[in-house]
Amino acid sequence: MKNANLEEMQQKLTKQSLRRTLQVLLKRKGDQYWPSIHHTMQTSCSCMAFSPETRRLFVGTVAGNICEFSLSEDYNKMTPALTYSDHQGTRMTVVLFVLEVEWLLSTGQDKSLTWHCSESGQLLGTYNTTACVSGLQFDVETRHAFVGDQSGQVTILKLEQDRCSLVTTFKGHTGNITALCWDPIHRMLFSGSSDQSIIMWDIGGRTGTAIELQGHKDKVQGLCYASATHHLISCSSDGRMVIWDMNVTREETPEWLDSDSCQKCEKPFFWNFKQMWDRRRIGLRQHHCRKCGEAVCAKCSSNSSPIPLMGFEFPVRVCNTCHESIPEKDRVSTSTFHNSEHNIVYMHYESTIGILLTSGTDKVIKVWMIPRFS
């Protein structure tokens, strides 16, 4: 019995040690990756950021600290540098290093965004959010921070050396924000959510355009953008990876219209008691056409169709009129779908060499060669 308890305790300690382990993997002969550094942290890691230009690694922990390390030129040695502490002992959710201004941005479950000077370690500012932050991006040119949270909204902040101001908020998701991606060249922000959707916010166009992309059947876990070729890469927790061609001209999804009766056949919906009484008929259930947004009954929207140019890669409900008006060429997918065969929790795309990294709940890191989009 004592031996069994001892083995159980050893297994628990081993699992805890694995959660506190940092590894640096180097590509060896035969295209195999082997660990060159194996470092055990005092507390479990929850997020990280790496600067290849300076070989500085920033690791956020469940204790609310950020530990900075300096890696040697051959990546065989890691030296502790600074420690940043300002999240009240709560789990860190995002760490973002901005080399151009030497700022270290971080968020935690204490519902706060902080930014430090990464040269001195000094705390520069703090902004309190209304919900836990789950996504963070930064624009160097304008010093705008894009903050996605678990309420489903994206907040845009203007950061200064010692203060920040609220610019605006975006609301379009019904679930919490799970991923953000910023393209500084075309000034577009992409947000992914647990509601399985992606929204492209065209900030540079200054027209308020928001394009919705529906190609996942589980919550979106990661977003990467190849700015040079206008392709968006997204992944979801069920292992699906989608490559979206953003070169095509896309349309905004229409707002759903309100009506007490079908806007095609004019039959009343079930809450329209007066018309139901006047016509001596039972009210119908309301639906909406995803192409025109009109309120319609089931009989007037008995068809479904993919509408890729509006972001609907799967068949969705459309009214009979719109179904007849969609040409076959507009039903052809503008995206490609791939199965990663593991439940992805994180992804990173290095556009200069065309390599995509995915990590999953199976504790496996996969390296994908993504074709140079033409």
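Residues numbered from 1 in each chain as written. Predicted model: local features only at pLDDT ≥ 70, side-chain atom pairs only at ≥ 80, totals over all residues. Heavy atoms only, no water.

Caption draft 1: Structural view of the pairing of strand S20 (residues 231–236). Counted residue by residue, S20 has six buried out of six residues, so it is predominantly covered. Where strand S19 (residues 220–226) folds back on S20, the antiparallel hairpin that results is connected by four residues, among which His 230 adopts a positive phi of roughly 60 degrees. In the sheet, S20 pairs with strand S21 (residues 240–245) via five bridges, with the strands oriented antiparallel. Residue pairing for S21: Ile 233 is matched across the bridge by Ile 243. (Buried < 20%, exposed > 50% of the residue type's maximum accessible area, 1.4 Å probe, protein only. Helix = DSSP H or I, 4+ residues; strand = E, 2+ residues; numbered from the N terminus. Pairing = 2+ DSSP bridges.)

Caption draft 2: Spotlight on the UniProt feature "repeat: WD" (unreviewed entry) in the protein chain. The UniProt feature table records "repeat: WD" (unreviewed entry) at residues 170–203 and 213–254. Within the segment residues 170–203, helix and strand shares are 0% and 59% respectively, and the terminal C-alpha atoms sit 11 Å apart. Spanning residues 213–254, this segment combines 0% helix with 48% strand, and its end C-alpha atoms are found 13 Å apart. (UniProt positions renumbered as here; feature names shortened; annotations may be inferred.)

Caption draft 3: Fine view of the sheet that holds S19. The sheet built from four strands is open, its strands ordered S19-S20-S21-S26 with antiparallel pairing. Each edge of the open sheet carries a strand with a single partner, namely S19 and strand S26 (335–339). Across this sheet, the average inter-strand angle for adjacent strands is 15 degrees, counted without regard to direction. (Axes fitted to C-alpha atoms, helices over the stretch in contact; angles between N-to-C directions.)

Caption draft 4: Quick peek at the pattern of salt bridges. Scanning the entire structure with this criterion turns up eight salt bridges. The salt bridge partner of Asp 139 is Arg 187, with a shortest N-O separation of 2.8 Å. Taken together, the positions of Asp 139 in strand S11 (residues 133–139) and Arg 187 in the loop between strand S15 (177–183) and strand S16 (188–193) put the pair 48 residues apart, joining distant regions of the chain. Like Arg 187, Asp 139 is buried. Lys 264 is the salt-bridge partner of Glu 294, the closest N and O atoms lying 3.1 Å from each other. Taken together, the residues span a long stretch of sequence, with Glu 294 in the loop between strand S22 (287–288) and strand S23 (295–296) and Lys 264 in the loop between S21 and helix H2 (273–279) at a distance of 30 residues. In the salt-bridge network here, residues are joined through shared partners; they are Arg 56, Glu 68 and Glu 102. (Salt bridge = Lys/Arg side-chain N within 4 Å of Asp/Glu carboxyl O.)

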